[in-house]
Amino acid sequence: MDSIATSAEVQPMDQATQQNATKVQQLTEASDSLAQEAPMHRELIAQFRLDDAVSHSSALRSTARTMAQPAARAAVHPVAARR
């Protein structure tokens, strides 16, 4: 009889399975929604043109690197530092 699972043992597994199924369904719906929106976003982005893409992209990368540096994130507003 030890090999037969009791209802109390199966119920938590069943609940977890149902929760996982619900999450999968929600993620599938969200994925489908994003897939439907993607063409519209591509069209909107395609409207933007840069004259000199190389210099602009390198400037953007440089700005991104600067913003990603820990010192830039750790900067505290002087008024907030006095508190």
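As a convention, each chain's residues are numbered from 1 in the sequence order in which they are written. For this predicted model, a pLDDT threshold of at least 70 governs which residues receive local features, and a threshold of 80 or more governs which side-chain atom pairs are given and counted, while totals over whole chains, interfaces and linings are taken from all residues. Hydrogens and waters are ignored; side-chain quantities use all the structure's heavy atoms.

Give me the lowdown on the overall build of the protein chain, citing residues and values where you can.
For helices the rule is a DSSP run of H or I covering at least 4 residues; for strands it is a run of E covering at least 2, with both sets numbered from the N terminus onward. Check the secondary structure of the protein chain and you find 4 helices and 0 strands. For the protein chain, the N- to C-terminal ordering of α and β elements is α-α-α-α. The rule is simple: take the accessible area with a 1.4 Å probe, protein chains only, and divide by the maximum for that residue type; under 20% is buried, over 50% is exposed, in between is partly exposed. Per-residue burial for the protein chain yields a buried fraction of 0% across its 83 residues. For the accessible areas, the method is Shrake-Rupley and the probe is 1.4 Å, while residue cover comes only from the protein chains on display. Summed over all atoms, the accessible surface of the protein chain reaches about 7900 Å², with 59% contributed by carbon and sulfur.

Got a sec to walk through helix α1 (residues 7–46)? Specific residues and values, please.
Within an α-helix, residues lying three or four positions from one another point in the same direction, as the helix has 3.6 residues per turn. Multiplying 1.5 Å by the helix residue count minus one yields the expected span of that helix. With 40 residues, α1 should reach 58 Å at 1.5 Å per residue; the first-to-last C-alpha distance of 58 Å fits that figure. At Ala38, α1 is bent by approximately 35°, the largest bend along its length, and proline Pro39 sits one to four residues beyond. Values of bend correspond, residue by residue, to the angle between axes fitted over the seven residues ending at that residue and the seven starting there.

How would you sum up the confidence of the model for the protein chain? Please name residues and give values.
Each residue gets a pLDDT score, which is the predictor's confidence in that residue and runs from 0 to 100. This prediction gives the protein chain a mean pLDDT of 79; 70% of its residues lie at or above 70. Looking over the protein chain, one finds the lowest element-wise mean pLDDT in helix α4 (residues 78–81), namely 52, and the highest in α1, namely 93.

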